[in-house]
Every structure is written in structure tokens, then in C-alpha cells.
Amino acid sequence: MRLSKNFTHTLRDAPADETSRNAQLLIRAGFIYKEMAGVYTYLPLGLRVLENIKQIIREEMDALGGNEIAMTALQNKETWQASGRWNDDVMDVWFKTKLANGSELGLAPTHEEPLTKLMKQFISSYKDLPMYPYQFQIKFRNELRSKSGLMRGREFWMKDLYSFSRNRAEHDEFYEKASEAYAKVYERLGLGDITYKTFASGGSFSKYSHEFQTISDVGEDIVYVHEGRRIAINEEVYNDEVLADLGITRDELVEKRAVEVGNIFTLGTKFSDALDLNYTDEDGKQAKVFMGSYGIGPSRLMGLLAEHFSDDKGLVWPEAVAPAKVYLVQIGKKSLGVADELYEKLMTNGVEVIYDDRDERPGAKFADSELLGIPYRVTVSDRLIDDKKYEFTARSNGETELLTEQELIARLD
RNA sequence: CGGGGUGUGGCGCAGUUGGUAGCGCGCACCGUUCGGGACGGUGAGGCCGUCCGUUCAAAUCGGAUCACCCCGACCA
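The structure contained in this document is the topic of the report that follows. (Residues numbered from 1 in each chain as written. Chains lettered and ligands numbered in written order. Predicted model: local features only at pLDDT ≥ 70, side-chain atom pairs only at ≥ 80, totals over all residues. Heavy atoms only, no water.)

**So, the pattern of salt bridges**
Pairing between side chains of opposite charge can happen when the charged atoms of each approach one another.
Right, so step 1: By the definition in use, this model includes 34 salt bridges.
Right, so step 2: The shortest N-O distance in the salt bridge between Asp17 and Lys34 comes to 4.0 Å. Linking Asp17 in the segment before helix 1 (21-28) with Lys34 in strand 1 (residues 32-36), this pair joins segments that are 17 residues apart in sequence.
Right, so step 3: Assessed through its relative accessible area of 57%, Asp17 is described here as exposed.
Right, so step 4: Notably, a salt bridge pairs Glu319 with Lys325, separated by 3.5 Å at the nearest N-O pair.
Right, so step 5: For Glu319, a relative accessible area of 42% gives the class partly exposed.
Right, so step 6: The network of salt bridges with shared partners includes Glu143, Lys147, Arg152 and Glu220. (Salt bridge = Lys/Arg side-chain N within 4 Å of Asp/Glu carboxyl O. Helix = DSSP H or I, 4+ residues; strand = E, 2+ residues; numbered from the N terminus. Buried < 20%, exposed > 50% of the residue type's maximum accessible area, 1.4 Å probe, protein only.)

**Quick look at helix 1**
Right, so step 1: Of all the residues in helix 1, the buried ones are Asn22, Ala23, Leu25, Leu26 and Ile27.
Right, so step 2: Where helix 1 is buried, its residues touch strand 1, strand 2 (39-42), helix 8 (298-308), strand 17 (310-311), strand 18 (314-315) and helix 10 (362-372). (Contact = heavy atoms within 4.5 Å.)

**Side note on the protein's contact with RNA strand B**
Right, so step 1: With respect to spatial proximity, 38 residues lie near RNA strand B, and among them Ala16, Arg141, Arg152, Glu370 and Ser381 are the closest.
Right, so step 2: Taking the atoms of RNA strand B that fall within 4 Å of the protein, sugar and phosphate contribute 49% of them.
Right, so step 3: Here a phosphate oxygen of RNA strand B and a backbone polar atom of Ala16 are 2.4 Å apart.
Right, so step 4: Those elements giving two or more residues to the surface near RNA strand B turn out to be strand 1, helix 10, strand 21 (376-381) and helix 11 (382-385).
Right, so step 5: Considering each element in turn, the surface near RNA strand B owes the most residues, 7 residues, to helix 10.
Right, so step 6: Taken together, the residues that form the surface near RNA strand B break down as 14 nonpolar, 6 polar and 18 charged. (Near = heavy atom within 4 Å. Polar contact = N/O pair within 3.5 Å; in protein donor to acceptor, adjacent residues only side chain to side chain. Nonpolar A, V, L, I, M, F, W, Y, C, P; charged D, E, K, R; others polar.)

Structure follows, in C-alpha cells:
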């Protein structure tokens, strides 16, 4: 991407109505635009980050055997009445609206009901099971109070996967695999060290559900971390019974504030009962499909990554999600052609480059390269061009080396 | 939803005892600059969130309302 062709600009000052670090940095850097409280537009650079996060999740879901789909945001009333969740007293985050003919509609806050209904059309035999459809979608939740930039929005991205299994045993096996896949996602995002599988309240079909909680001051949850076992207990189930279950004593745990970055839940037959999702088993008998749900919020993760990977100069994206690998700074007139060639060469090699070809002074380019948080900066300047050297700087630690073109290309391979 | 705070050019802010808006950044043009957000000059851009009221006169006073932020409650 040539910066001269990018319509967004950076801001020196963050908007005063944003106090969360993630929103301030992402808005200053031109990654997102605030539409209203808890509702943000993803601009070109921000969209790249969001898509990179989604792609990591997608790869892990596909590895689990997931089938990606894209469901609708508009929801009809009848589907939700079957489970009782159309009622505002049961589900209090609905955005509801009406068709021109007066019939009621809702904007989906989650998708258990419509997906269960959808799967009725395709599941009729044990041979159709297990199946794991999933999607990335914008969810709408009429939160009483949105907060902290991307961390809690009224419109946000979610990956939701649902498992449809023949029975409890088959479900439990998948549930474990899904848990491992989630751990891999956080590992790849660079959050592995501070993310804990956390015991949380379950439902009718399981004593616990599991959350993935990332330790962070911006978190809304309190968890009790057992560092040795790499697990945590959500404060909502922090009691003697649970401690006994897990064979843990209070003095082994440390209280921490954390962000819920994922949640896996055994639904059992709650929704297959409500919507009558059955299959014929090997003996020709009818049985209920056993379900689970597995959610991750890519937009919340983007906010958390911005919070966690940043310093006084701006963002510091992990390579896995950065909008580009290299920020190419060109200084002077003589070296312009060399920089153009290097840009083309790197792009041809499959290296994502943000080329700062703007008519700006070096200081502005350096400052923006840091604000945007691109992992590596390559400087091509008149000063170095006669020696055919390129300056290579890592955003994470600021270390700079002078490299030849060959060394540079090898380094970025 | 309870409590607190804030609304003035794209962003950050100032505006005194009411007299019809100003600064910095950014933007446009000219010149000088050019390795850490340059300098000088010229210029564009705002009916001061909205509505009602008080007044000869309202960004400023009163009321209502909307929006945004923070704390709390809430969070399949």
C-alpha cells in the first residue's frame, strides 16, 4: 500500500471523548472511526488487522473440521419464540425493529436458534453428525453501557461455532479439541502467556463453561489464576465447592483483572429440544442432537491487542496481525527510484509493505511508522544510497542495523 | 438504569462582569528548508450539540432535550 493512496491520516491528538487506550491509539492511527458509542467503522489499515485476526481464527476452526457459513443479521420472531428468548425479560440486549407490514424483526445478538433451525434441514441421520458450522458476523447487542473502545461495543464482530454431536461423549471429545484450538489462537496472537482457560458457570448440561481470560487492567472480569496449572476460576464460581472440584486451595490462586476473549459452552439439548432437532440413530430410533457453542470476538481481540501491544509512541502489532510487515520510509530525491523498486520487489516476494511515499519530512514519516506499529521499518535515503545500504529498524525494541539489499530481503523472508 | 463529567472549524483547546468568536495542530497557496512531527508569509474553514425562554443584545443566564466519556448496576 502506498500511503499517498490511503485516504486516512494520523492525528497528533486523540479525540477527547475517548479515554481508553485502544480507542485513542486506533483512532489516532486511522485504523477505526467512531460512528457512535460502541459502534466503530474499520478503516483500511484497521480492516487489515481485523481480517488477520479473523484469518488466524478461521485456520484453527477449519483445522477442527469447521464449515464456514454466513448467517443473517435479521431474525424472525418465531424462531426465537421457540426457545423463549424473544422475550426481553429473558434476553435483554435485543435490538428490535419492524417490517413495513408491521411484523417484528430482531437484529441477531447470537445465533443458536436460527442455526439450530437451519440444521434441521440437513441433519436427519447419525451419518450427518457430528458437524461444526461456524461464521464471522457482526452481532448487535443493546448494551446499557458500551465502554472501552473496541472492548465492549453494541455492534461487534464475533466468530461463533456450534457443534452438533450425536451424544455427550462425542460432544465432550470435541469440546476438548475446541479448547485446544482456542489456546492455539491466543498463542498465535501473542497472548498465550497471559491467557488462561477459566472455569465459569455452566448450565443445565454442564457444571462449568469455560472462558478464555486474558490478564489486563482493562478487563471487566475478576479471575483467580493458578499459574502452575495455567488455569483460572472466574469470581462468579469462586467458592469452596469449585476449589474442591479442582483440587486447588485459595493460597495457590492470585486475583487478577482479565478480559474475556473467548467462551466455550456445553448447550446440551437445550436448543435441539426447543426447536426439535432430532436425528435417527443406528438403531432407527429418534435422538436429540447434543450441542455446544464456541465464541471469540475478533473486534474485542483487536482492542485488547492495541491495549497490550503499544508504548508511548503508538501501536506495536505482533507480526501475525500487523497491517503490513514493513513500513518503507523514503528520504530525499536521489533515492526515490531505488525505493520504488524495493517496494515492488518486496511486494512481488509476498512481503506486505506500507510505502510512505508522501511528500513529508523524515520526522513525520518516522513518527507515523511508530504510531501505526508496523513491525519493521526500512529506510531508503540519499545518505545511504551511495553505499547501497538500507536501514532496518524493529518497532518492538527500536534496534537498527544497516543491511545490503540481499541481507534485507533475506531478513524479511 | 443510578451517580459524576463534557459538548465552541477535521483534532486539541481558550473565550472575563452578556455586546455577535479566537489560539495551536491539520488543510490550501508562495518561498526557504529536508534523518525525528521545520520556518516565514498569505488564505479557506465555525449560525458555539439542539430546542424553548430571559434580554435591546446570549457561546456566556434559565429550563428542557440529545450526544459522548467515566464509576456503578447489567453482561446469552
